[in-house]
Amino acid sequence: ESRTTMKSLRFISAEAFVSNAEFARKSLGAVTHDLFPLLFKAMCLESCLTGLRDYVLNQSSPYMKKLKVVDLTGIKDVELLSKLCSDLLVYLQQAQCSPGTFEVSINVLIDLFVTERNYELVVQALLKKCSCPLKICCVAFRSDNLTLQKFFYIIKLTDPSLLRKLEIVHNVHLEMEHLEMLFNCIHFPLLMSLTLPARTFNVRRFTATDEQMLTKIGEKMGEMTQLTELSMSFSILTGRIQKLLSPLKTPLKMLDVSNCSLNHADMAFLANSFHANHLEALDLSGHDIPELYPSTFFKLLSHCSSVLRSLTLEDCNIQDIHVNMLILGLSPCQKLQEFKFIGNPLSSQALKHLFTFLCELQMLKNVEFPVPRDCYPIGITYPIDDASVCRFDHQKYERVAEELNLILLQANRDDVKASTPLFGSYDAAVQETNNELGAYLIKSFKETLEKFTSSFNKIN
C-alpha cells in the first residue's frame, strides 16, 4: 500500500489496473475480494478525503451541513487520513475561515494500524481531535512493533470506550503483568474482538502471585460483555483455560488457542463449556490431538458442529490411521466453509480419501492441505522444521495436487479452493511490519559496522 515515501508493488499494480476505467470494469469480476480495499484506495480514496476536506471548508452555513459520520473502516491508509486532519487544522488556523467552519463536527470511523513508522503522525492527529472538524474515531486498533510506553500512550488517545477490536500483535512485548495494568486502567465496554501477542502468558514460571493475577485478568475479561472473539496463540496456558474463560458472560464465537500447550483438563473444559455451542471459528493448531485427547476433542467438535464455519488443525499429528475418525467428526459440520490442516503427516492416499469426503460439505470454500508425507524423504520427522519444509519432491506434489483437484471437479466442487501455503496466508499488515523491521535491522547493522570500522581504524 502507499506510503509517505514510496509505493509498494501491489499499490502500483492497483493504480495501473484502474488507470483504464473500461478495462477495470470488465476485469473486476476476476479480482479477489481482499484486493478491493486496495483498488478503492487507488481509484478514489484520496479523492474522497479531499472532497471531505472541501466539504468542511465550504463557506455555506454549518446548519446546511448534514454530514455527521464517515465510515472508513476496512481502509488501511491511516497515514493519509492523519495527514489530512493535521493539514486541515493548519489551514484553518492560518486562513481566514468563517467562524461556522469550526462548528462542523464529523466523526470519521477508522481502523487504526499503528507501527513505529507512522506512530508520530497518528499521535498528532489524535491529539488535535478536539480542535479539528474531522474527528478520528478508532473502532479497531492494531499495534505492531511498538514499545510498551508508546502502546499505552496511544491506546489512551484512541478513546477505548469506542473500541470494538483490539489486536496487539508482533513485536509488542506485552506480558501478563502489562495486560493486568492495561485492563485496570482502561475499560473496553464495546470490545468484541481481542488478540494478544505470543507469550503473553507462560504458566511454566507462574508463582502464587501470578495465579492471582491470571484470575483478575479473567474477571476483567468477564466485564467485557460484548467480547465474542479471542486469540491467544503461542501463549503457554496448560491447565489454565478454565480460569481465563469461565468468567466470560458472553459465549465466544471465535477462539484461537493454537500452540498453547493445552492439556486434557483444558480440552474437557472447552468441550463442556457454554462456548462450545457457539464457536464459529476454532484454531487448535500445534496440539497432538489424536494422542492427548481424541474423544474430548470430538465431543467439542460435535457441540459446535451446527455453527462451525472455520476449523484450523495445523501440526496436530493427524496421521493416516486417524482419517476415518476425522471424517466421522467432521460429518455433522455442514456449515464448515474453511478447513486448514497444514503440517500433518498424511499420505497422498489418505488425502485423496479425505478430499472425497470433503466434497460432501456443501458450504466448504477453502481447504489448506499438507504436502503429502510420501513427497518428503524417508525418515522425515514432524513437526517439520523451517529448514526442511521445502525439501520435498515438487513434481510428485504437483501430480498429487492435480489428482486432489480432479476429485473436486468430478464432484462438481470447482467452487472449492485447495492450496498448500507452506508459510501461512499472506497478511499485508504483517508484511508492512516485516518491511519496517527489515529496514531497521539493516540500518542497525550498518551503524554497527561503521562503529566497528571506525574503532578498528583508530587502533591501527
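Conventions used here
- Residues numbered from 1 in each chain as written.
- Predicted model: local features only at pLDDT ≥ 70, side-chain atom pairs only at ≥ 80, totals over all residues.
- Heavy atoms only, no water.
- Helix = DSSP H or I, 4+ residues; strand = E, 2+ residues; numbered from the N terminus.
- Buried < 20%, exposed > 50% of the residue type's maximum accessible area, 1.4 Å probe, protein only.
- Contact = heavy atoms within 4.5 Å.
- Areas by Shrake-Rupley, 256 points an atom, 1.4 Å probe, with all protein chains shown as cover.
- Pairing = 2+ DSSP bridges.
- Right-handed = clockwise from strand over helix to strand, strands pointing away.
- pLDDT = per-residue confidence, 0-100.
- Polar contact = N/O pair within 3.5 Å; in protein donor to acceptor, adjacent residues only side chain to side chain.
- Salt bridge = Lys/Arg side-chain N within 4 Å of Asp/Glu carboxyl O.

S.K.: Now, about the overall build of the protein chain: what can you tell me, with residues and values included?
M.R.: Per the secondary structure count, the protein chain includes 16 helices and 12 strands. By the burial criterion, 48% of the 460 residues in the protein chain qualify as buried. For the protein chain, restricting intrachain contacts to residue pairs at least 6 apart in sequence, the fraction spanning at least 24 positions comes to 81%. Per element, the accessible surface of the protein chain, about 23400 Å² overall, is 56% carbon and sulfur.

S.K.: Residues and numbers for the pairing of strand β4 (residues 165–168), please.
M.R.: Where strand β3 (residues 134–143) and β4 come together, 4 bridges link them in parallel fashion. When the bridges of β4 are listed, arginine 142 appears paired with glutamate 167. In terms of handedness, the path from β3 via helix α6 (residues 148–157) over to β4 forms a crossover that is right-handed. Where β4 meets strand β5 (residues 193–195), 3 bridges bridge the pair, whose relative direction is parallel. In the sheet register, lysine 165 faces β5, and the bridge partner there is serine 193. Handedness of the crossover joining β4 and β5 through helix α7 (residues 176–185): right-handed.

S.K.: Give me the lowdown on the confidence of the model for the protein chain, citing residues and values where you can.
M.R.: Looking at the protein chain as a whole, its pLDDT mean stands at 86, while 84% of the residues score no less than 70. pLDDT under 50 marks residues 1–5. Its contacts with residues more than four places away, or in other chains, come to 16 contacts.

S.K.: Residues and numbers for the environment of asparagine 272, please.
M.R.: Structurally, asparagine 272 is set in helix α10 (residues 264–272). Within the structure, asparagine 272 has its side chain in polar contact with the side chain of lysine 299 (distance 2.6 Å).

S.K.: With reference to specific residues and values, describe the pattern of salt bridges.
M.R.: Evaluated as defined, the whole model comprises 13 salt bridges. One continuous salt-bridge network, built from bridges that share partners, spans Glu211, Arg240 and Lys243.

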